[in-house]
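Chain residues, written in single-letter form:
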Amino acid sequence: MSGTSPDPDRRIDRNLFITVSGPPGCGATTLVEGIAESLDCGYVSGGELFREIAAERDMSLSQLIAETGESEEIDRALDQRLRRIAEKWGTANKAFVLESRLAGWIAGNRADLRIWLDAPDEVRADRTAERAEMTSEMQVREVIEEQRYKSYYGIDLNDRSIYDLVINTGRWDAEATLALALTGIEGYDVDADEGAFDTPDFDI
């Protein structure tokens with residue numbers, strides 16, 4: 001999913017805390033960058049935090065990934081950082097975007113809008129072809145992660161009910177996906193909002 005920039009005239013002045021989530025190859029990073037540019041705000045990705053943890057521990061990404069399979073401590077360390085960011089921006093009344101597969105769940109009711117991206121396996125595999133991971137390995141890792149989150153927090157990642165906007169990025173290119181997301185963000189009316197699905201906090 002190639003990068004894109006928003007229409008230069010489409011700038012949105014909204015102080016919303018937005019989360020973007022999805023599996024590898026869904027286009028989350030590209031969308032987050034486009035939303036942040038349109039809202040003229042900052043963003044943080046789970047991948048960026050994961051790299052920070054690796055650097056702090058003087059480990060390569062491969063080493064850190066391998067260690068996550070041995071202990072839940074790495075996953076929880078990452079999720080604790082995501083939670084702190086969500087707590088900060090959930091009360092800031094400023095625009096911000098948080099991206100990770102678990103961001104929508106971790107932010108919970110603190111988020112104003114939660115977006116989930118997905119695409120068919122073959123589409124995502126093609127997008128991640130340059131990565132050192134086979135399609136079968138990617139699928140296995142996703143299943144393992146789903147099991148971990150269920151075990152750690154009782155979260156079912158297949159439950160999409162908490163998301164306000166779900167987009168199949170296999171059907172729209174990056175520019176159209178951004179346009180869909182911005183339309184939802186721009187059209188969100190706090191006064192007309194009849195309520196998001198409640199997402200209880202959970203211990204990390």
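Residues numbered from 1 in each chain as written. Predicted model: local features only at pLDDT ≥ 70, side-chain atom pairs only at ≥ 80, totals over all residues. Heavy atoms only, no water.

Asks: Before we move on, could you go through the nonpolar core and cite the residues and values that matter?
Replies: Grouped together as the largest cluster of nonpolar side chains are 31 residues, with contacts concentrated most on Phe17, Leu98, Leu102, Trp105 and Ile155. Elements represented by at least two residues in this core include exactly α2 (46-56), α4 (73-90), β3 (96-99), α5 (103-107) and α7 (135-153). Those residues in contact with Leu98, other than ones at most four positions away along the chain, are Phe17, Ile18, Thr19, Val20, Val44, Leu82, Ile85, Ala86 and Ala103. With 23 residues, the next largest nonpolar core counts Cys26, Ala36, Leu39 and Ala95 among its residues. (Core = buried A, V, L, I, M, F, W, Y, C linked by side-chain atoms within 4.5 Å. Buried < 20%, exposed > 50% of the residue type's maximum accessible area, 1.4 Å probe, protein only. Helix = DSSP H or I, 4+ residues; strand = E, 2+ residues; numbered from the N terminus. Contact = heavy atoms within 4.5 Å.)

Asks: Account for the packing of α2 against helix α3 (residues 61-68), with residues named and values stated.
Replies: Viewed as axis vectors pointing N to C, α2 and α3 meet at an angle of 100°, and their least axial separation amounts to 9 Å. In terms of orientation, α2 lies roughly perpendicular with respect to α3. Contacts between α2 and α3 involve Phe50, Arg51, Ile53 and Ala54 from the former and Leu61, Leu64, Ile65 and Thr68 from the latter. Of the residues that constitute the contact of α2 with α3, the class distribution is 6 nonpolar, 1 polar and 1 charged. (Axes fitted to C-alpha atoms, helices over the stretch in contact; angles between N-to-C directions. Parallel < 35°, antiparallel > 145°, perpendicular 65-115°, else oblique. Nonpolar A, V, L, I, M, F, W, Y, C, P; charged D, E, K, R; others polar.)

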